[in-house]
Amino acid sequence: MAGTTYIGYLNYIIWLFIASGVFVLWIDAGHYRSDRNREKERKAAAFSGWLNISLGVVVLIGSWIYKRYLW
């Protein structure tokens, strides 16, 4: 079928991953940074934030490769 386009939610998922990761790093990890008794929570928030950003970037690159070379 020539001219068929894909309309999906992948672009929303990518930006939600990246935005939520930045939000967690900025707000949550920043909040725990001021309290020395919550070092484990700060590390968990930082890990979660970077994981969300990494997943967003990986899905973005994978989507671009798929659309560019395989579609």
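The numbering scheme is per chain: residues are counted from 1 as the chain's sequence reads. With pLDDT at 70 or above as the cut-off, local features in this predicted model cover only qualifying residues; side-chain atom pairs require 80 or more to be listed or tallied, and sums for whole chains, interfaces and linings still use all residues. The side-chain values count all of the structure's non-hydrogen atoms but skip hydrogen atoms and water molecules.

### Regarding the overall build of the protein chain
And step 1. Runs of H or I in DSSP of at least four residues are treated as helices and runs of E of at least two as strands, each being numbered from the N terminus. Counting its secondary structure elements, the protein chain contains two helices and zero strands.
And step 2. As defined in this context, the radius of gyration uses C-alpha atoms, and a globule is described by 2.2 Å times the residue total to the power 0.38. In terms of overall size, the protein chain is more extended than a compact globule, its C-alpha atoms giving a radius of gyration of 17 Å where 71 residues would be expected to give roughly 11 Å.
And step 3. Considered along the principal axes of its C-alpha atoms, the protein chain spans approximately 60 × 15 × 10 Å.
And step 4. Note on exposure labels: buried denotes an accessible area under 20% of the residue type's maximum, exposed denotes more than 50%, and partly exposed covers the range between, all computed with a 1.4 Å probe on protein chains only. For the protein chain, with 71 residues in total, the buried portion stands at 20%.
And step 5. Here, two residues are considered to be in contact whenever any of their heavy atoms come within 4.5 Å of each other. Contacts in the protein chain between residues far apart in sequence, at least 24 positions, make up 70% of those at least 6 positions apart.

### A short note on the environment of L51
And step 1. Residue position: L51 is located in helix 2 (residues 39–70).
And step 2. Classification of L51 as partly exposed rests on a relative accessible area of 40%.
And step 3. Separated by 34 residues in the primary sequence, L51 and F17 place their C-alpha atoms 8.8 Å from one another.

### A look at the packing of aromatic side chains
And step 1. Ring pairs shown here join Phe, Tyr and Trp side chains whose ring centres sit within 6.5 Å, with only the six-membered ring taken for Trp; geometry is labelled stacked below 30 degrees between planes, edge-to-face above 60, and tilted in between. With the rule as written, the count across this model stands at two aromatic pairs.
And step 2. Seen from their ring centres, Y9 and Y12 are 6.2 Å apart, and the 40° between their planes marks the pair as tilted.
And step 3. Aromatic pair W64 and Y69: ring centres 6.1 Å apart, planes at 85°, arrangement edge-to-face.

### Details of the side chain of S63
And step 1. With respect to the helices, strands and loops of the structure, S63 is situated in helix 2.
And step 2. Setting aside residues up to four positions removed in sequence, S63 forms contacts with L10 and I14.

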